[in-house]
Structures are given as C-alpha cells and as structure tokens.
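Commentary on secondary and tertiary structure
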Amino acid sequence: MADEEEEAGFEEELDDGSGGMDSSGHGRRKRLFSKELRCMMYGFGDDQNPYTESVDILEDLVIEFITEMTHKAMSIGRQGRVQVEDIVFLIRKDPRKFARVKDLLTMNEELKRARKAFDEANYGS
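In the annotation of an unreviewed UniProt entry, the protein is listed under the name Transcription initiation factor TFIID subunit 13 and assigned to Cyprinodon variegatus. Listed in UniProt under the heading Subunit (unreviewed entry), the comment for the protein reads: "Component of the TFIID basal transcription factor complex, composed of TATA-box-binding protein TBP, and a number of TBP-associated factors (TAFs), including TAF1, TAF2, TAF3, TAF4, TAF5, TAF6, TAF7, TAF8, TAF9, TAF10, TAF11, TAF12 and TAF13. Interacts with TBP, and more strongly with TAF10 and TAF11."

Here it is, written out as structure tokens:
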C-alpha cells in the first residue's frame, strides 16, 4: 500500500516537473509562433509535422532573441521606446540581417505607396 502511494506521488512529480515548466522555469506559457515555425521548418527541409520538442526549443530561441533585441533597443535611442532605427542600428554589423531588414523596410514603403495610390484612385475623385 505504501509502495503504491509512493509510486503515485512519483508519477505526479514527473507530470508536474516535465510538462508544466518551460526552460526558464516560469510554468506553462502560450506558444506564440508554433504554427509559423512548423511551416518554416518544413520549408527548410524538416518533416511536415516536426517534433513538438524541436518547435518548442526553436520558439524559446526566437523569443529569447526578440527579448534581448527589444531590451537593447530600449536602452539606446529614446529611453523606453523601440523605433525601427534602433533595430537597424543593432543589426548593422550582421550583413544578412541588415540586408533582410532593408528589403523588408523597402517593401513596406512600396506597399504603403501602392495602398495610398489605390485608395486615391477609388475614393479620390
């Protein structure tokens, strides 16, 4: 009888310890990028349904990167505010990231101009 109670308690400890905590020890949190990361992993050659553990580790890395970049961006420029220029400044020494950000910013400007022209054509005169 005592052995059964110890075994049940041990199983509960395993359940609480393994599934309920993330790598930082703060308990369960909502996975924000799982769907997108699964698609990206598949696009880069992984299985169509990658292991959940792989997606979780990758998501932890992504969130850690975003958090660090945000904190760094908040410490430069205007205190307490993150601006696009701050992010560009932080990645200026990484040519691949810098080129990608420049491409995305250029595309964003082109989309804004196209939307504005479309709205003026439809609602202007």
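Moving on, there is more to tell.
**Quick notes on the overall build of the protein**
Per the secondary structure count, the protein includes 5 helices and 0 strands. Counting helices and strands in the order they occur from the N terminus, the protein gives α-α-α-α-α. Within the protein, buried positions represent 11% of all 125 residues. Sequence-distant contacts in the protein: of pairs separated by 6 or more residues, those separated by 24 or more amount to 25%.

**Here's the deal with the packing of helix α2 (residues 34-43) against helix α3 (residues 52-75)**
Relative placement of two packed helices is described by the angle separating their axes and the distance separating the axes. Packing of α2 against α3 brings their axes to within 10 Å, and their N-to-C directions diverge by 110°. Considered as vectors, α2 and α3 are oriented roughly perpendicular to each other. Every residue of α3 that contacts α2 at S34, L37, R38 and M41 is listed here: T52, S54, V55, L58, E59 and V62. Residue classes in the contact of α2 with α3 are distributed as 5 nonpolar, 3 polar and 2 charged.

**Let's talk about the pattern of salt bridges**
Two side chains with opposite charge may pair up if their charged atoms get near one another. Scanning the entire structure with this criterion turns up 5 salt bridges. Across the salt bridge formed by D60 and R31, the nearest N and O atoms sit 2.9 Å from each other. One end of the pair, D60, is in helix α3; the other, R31, is in the loop between α1 (2-19) and α2, with 29 residues separating them in the sequence. Overlapping salt bridges, with partners in common, bring together R31, D56, E59 and D60 in one network.

**Digging into the packing of aromatic side chains**
Across all of its chains, the model carries 0 aromatic pairs by this definition. One cation-aromatic arrangement involves R92 over F89; the distance from NZ or CZ to the ring centre is 3.9 Å.

**What about the confidence of the model for the protein?**
The predicted model of the protein has a mean per-residue pLDDT of 82, with 76% of residues at 70 or higher. Across the protein, the secondary-structure element scoring lowest on mean pLDDT is α1, at 41, and the one scoring highest is α2, at 96. Scored below 50 in pLDDT, residues 1-26 shows 10 contacts in the model against residues more than four places distant or in partner chains.

**Observations concerning α2**
Along α2, the residues classified as buried are S34, L37 and M41. Buried residues along α2 cover an arc of 65° about the axis, so they all sit on one side. Residues of α2 that are exposed and angled more than 90 degrees away from the buried face: K35, C39 and G43. The inward-facing, buried residues of α2 abut α3. Directly beyond the C-terminal end of α2, a positive phi value near 105° is found at G45.

Conventions we followed
- Residues numbered from 1 in each chain as written.
- Predicted model: local features only at pLDDT ≥ 70, side-chain atom pairs only at ≥ 80, totals over all residues.
- Heavy atoms only, no water.
- UniProt positions renumbered as here; feature names shortened; annotations may be inferred.
- Helix = DSSP H or I, 4+ residues; strand = E, 2+ residues; numbered from the N terminus.
- Buried < 20%, exposed > 50% of the residue type's maximum accessible area, 1.4 Å probe, protein only.
- Contact = heavy atoms within 4.5 Å.
- Axes fitted to C-alpha atoms, helices over the stretch in contact; angles between N-to-C directions.
- Parallel < 35°, antiparallel > 145°, perpendicular 65-115°, else oblique.
- Nonpolar A, V, L, I, M, F, W, Y, C, P; charged D, E, K, R; others polar.
- Salt bridge = Lys/Arg side-chain N within 4 Å of Asp/Glu carboxyl O.
- Phe/Tyr/Trp six-rings, centres within 6.5 Å; stacked < 30°, edge-to-face > 60°.
- Lys NZ or Arg CZ within 6 Å of the ring centre and 35° of its normal.
- pLDDT = per-residue confidence, 0-100.
- Arc of directions from axis to C-beta.

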